Amino acid sequence: MPVNKEIDINQSYQIKHLTFCKYVLHTPNKTIDLSFPQMLELRRKINELTTYSSLNRIVNNENFALLFVADKQHLIFLEIPQLLKLKEEISAFFHTSAAVCA
Amino acid sequence: MNTIVRKQMSIHPEVMDLLNNQIGMEMKASASYLAMASWCDQRELLHSKAFFYRQAEEEREHAMKIFEFINDNGGAAISPNVTNVNNDFESLRGIYETGLEQEIKVTESIFKIFKTARKVDDFTTEIFLQWFITEQSEEEDTFRSIIDIFDLMEGMPLKMIDERIPTE
């Protein structure tokens, strides 16, 4: 059965709020527990990776990004569509604009 | 800002990003003043040297004020990269003119954060930034007054001009 990659991406990379200071990031391969400071750090890294120049650099080189999450307890592999989906998810979580910045 | 994030942070995430940029800008200004102080120190321009060492300290204090404000309000302050600091200058007057330009850039950047804070109803940051706006107006005035001294004393030996630079 053919897999619709777009649907897959949309259904993966979800952030859930568990308790006051506990959050969960669901990825296709694993579920990662995050504290709020770890969420802020993830937001910072994703914003840094999705600037126009960073995306350009990724596309023109390795075409993927490796990202340490939750105080370096987890390493996640992200291709461009996944990276953008995660940015969207984080932006929605923080209620801020998901636009790619220069 | 959604309720979950609001419970963790008193400031808006977008404003937090701008404040983190501002920390970088203040630290860069501090490093830049240190370079200017060194240039003056090597040429025995003692009043200017003292002035720029003090400016370097002040800019660092501004950065630290913002740094602590972000963390105190539930955000994540980021220690900045400070690169490309210019150590090469042409003249003492040129240094003060560069200083004024730097201060104007810092003021404009604070205005931008202020406007954003107002736009997203981040009143905590808006009130916090009021001190910075007053401070920047004083800083700009200090530099303008010093550049005036250069105009008034045009043609006088550099050492005499330097002695008119305020050290307090």
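Relevant structure appears above.
Residues numbered from 1 in each chain as written. Chains lettered and ligands numbered in written order. Predicted model: local features only at pLDDT ≥ 70, side-chain atom pairs only at ≥ 80, totals over all residues.

### Quick notes on the overall build of chain A
Line of reasoning, step 1. Counting secondary structure elements, chain A contains four helices and five strands.
Line of reasoning, step 2. Of the regular secondary structure in chain A, the N- to C-terminal order runs α-β-β-β-α-α-β-β-α.
Line of reasoning, step 3. Within chain A, the fraction of its 102 residues that count as buried is 23%.
Line of reasoning, step 4. Here the analysis covers contacts within chain A between residues at least 6 apart in sequence; of these, 44% occur between residues at least 24 apart. (Helix = DSSP H or I, 4+ residues; strand = E, 2+ residues; numbered from the N terminus. Buried ≥ 20, exposed ≤ 12 C-beta atoms within 10 Å, placed from the backbone. Contact = placed C-beta atoms within 7 Å.)

### Points about the nonpolar core
Line of reasoning, step 1. Counting 37 residues, the largest nonpolar core has Leu-19, Met-36, Phe-52, Ile-66, Ile-113 and Leu-129 of chain B as its most contacted members.
Line of reasoning, step 2. Elements with a minimum of two residues in this core: α2 (13-42), α3 (46-72), α4 (92-119) and α5 (123-152) of chain B.
Line of reasoning, step 3. Looking at this core element by element, the count peaks at 12 residues for α2 of chain B.
Line of reasoning, step 4. Aside from chain neighbours lying at most four places away, what touches Leu-19 of chain B is Ile-66, Ile-70 and Ile-113 of chain B.
Line of reasoning, step 5. Core analysis: the next-biggest nonpolar cluster, separate from the first, contains 17 residues, Leu-25, Leu-40, Leu-86 and Phe-94 of chain A among them. (Core = buried A, V, L, I, M, F, W, Y, C linked by C-beta atoms within 7 Å.)

### Quick notes on the interface of chain B and chain A
Line of reasoning, step 1. Counting residues at the interface gives 11 residues for chain B, matched by 10 residues for chain A.
Line of reasoning, step 2. Elements represented by at least two residues in the side of chain B that touches chain A include exactly α1 (3-8) and α2 of chain B.
Line of reasoning, step 3. The leading source of residues in the side of chain B that touches chain A is α1 of chain B, at four residues.
Line of reasoning, step 4. Looking at the side of chain B that touches chain A residue by residue, the classes come out as six nonpolar, three polar and two charged. (Nonpolar A, V, L, I, M, F, W, Y, C, P; charged D, E, K, R; others polar.)

### Examining unusual backbone geometry
Residues and elements named next belong to chain A.
Line of reasoning, step 1. Positive phi, normally seen in glycine, also occurs at Asp-71, with a value near 50 degrees.
Line of reasoning, step 2. Looking at where Asp-71 falls in the secondary structure, it is placed in the loop between β4 (64-69) and β5 (74-79).
Line of reasoning, step 3. With a phi close to 65 degrees, Lys-72 is a non-glycine residue in the positive phi region.
Line of reasoning, step 4. Positionally, Lys-72 belongs in the loop between β4 and β5.
Line of reasoning, step 5. For Lys-72, a count of 7 C-beta atoms within 10 Å corresponds to the exposed category.

### Here we look at the sheet that holds strand β2 (residues 22-26) of chain A
Residues and elements named next belong to chain A.
Line of reasoning, step 1. Read from one edge to the other, the open sheet built from three strands follows the order β1-β2-β3, with strand pairing classed as antiparallel. In this open sheet, the two strands that pair with only one neighbour each are β1 (14-19) and β3 (31-34). Looking at each pair of strands side by side, their axes are set apart by 25 degrees on average, direction ignored. (Pairing = 2+ DSSP bridges. Axes fitted to C-alpha atoms, helices over the stretch in contact; angles between N-to-C directions.)

### Overview of the pairing of β3 of chain A
All names here are of chain A.
Line of reasoning, step 1. Looking at chain direction, β2 and β3 are connected through four bridges and run antiparallel. Bridged to His-26 within β3 is Thr-31.
Line of reasoning, step 2. The turn joining β2 and β3, which pair antiparallel and follow one another in sequence, is formed by four residues.

### Here we look at the packing of α2 of chain B against α4 of chain B
Residues and elements named next belong to chain B.
Line of reasoning, step 1. It is at 10 Å that the axes of α2 and α4 come closest, and there the two elements cross at 170 degrees. Of the possible angle classes, the one that applies to α2 and α4 is roughly antiparallel. Each of Glu-14, Val-15, Leu-18, Leu-19, Gln-22, Met-25, Glu-26, Ala-29, Ser-32, Met-36 and Trp-39 in α2 lies in contact with α4, whose residues at this interface are Ile-95, Gly-99, Gln-102, Val-106, Ser-109, Ile-110, Lys-112, Ile-113, Thr-116 and Ala-117. (Parallel < 35°, antiparallel > 145°, perpendicular 65-115°, else oblique.)

### Considering the pairing of β1 of chain A
Consecutive side chains of a regular strand alternate in pointing toward one face of the sheet and then the other.
Residues and elements named next belong to chain A.
Line of reasoning, step 1. β1 sits mainly on the outside: zero of its six residues count as buried.
Line of reasoning, step 2. Pairing of β1 with β2, which is carried by five bridges, proceeds in the antiparallel orientation. Residue pairing in the sheet places Thr-19 in a bridge with Lys-22 of β2.
Line of reasoning, step 3. Taking the residues that link successive antiparallel strands as the turn, the β1-β2 hairpin has two residues.

### Re the environment of Met-153 of chain B
Residues and elements named next belong to chain B.
Line of reasoning, step 1. Summarising the element assignment, Met-153 is placed in the loop between α5 and α6 (158-163).
Line of reasoning, step 2. Accessibility expressed as a C-beta count within 10 Å gives 13 for Met-153, which makes it partly exposed.
Line of reasoning, step 3. Met-153 sits 11 residues away from Arg-164 along the chain, and the two C-alpha atoms are 9.7 Å apart.

Interpretation note: all reported values are geometric properties and have no functional meaning in isolation.
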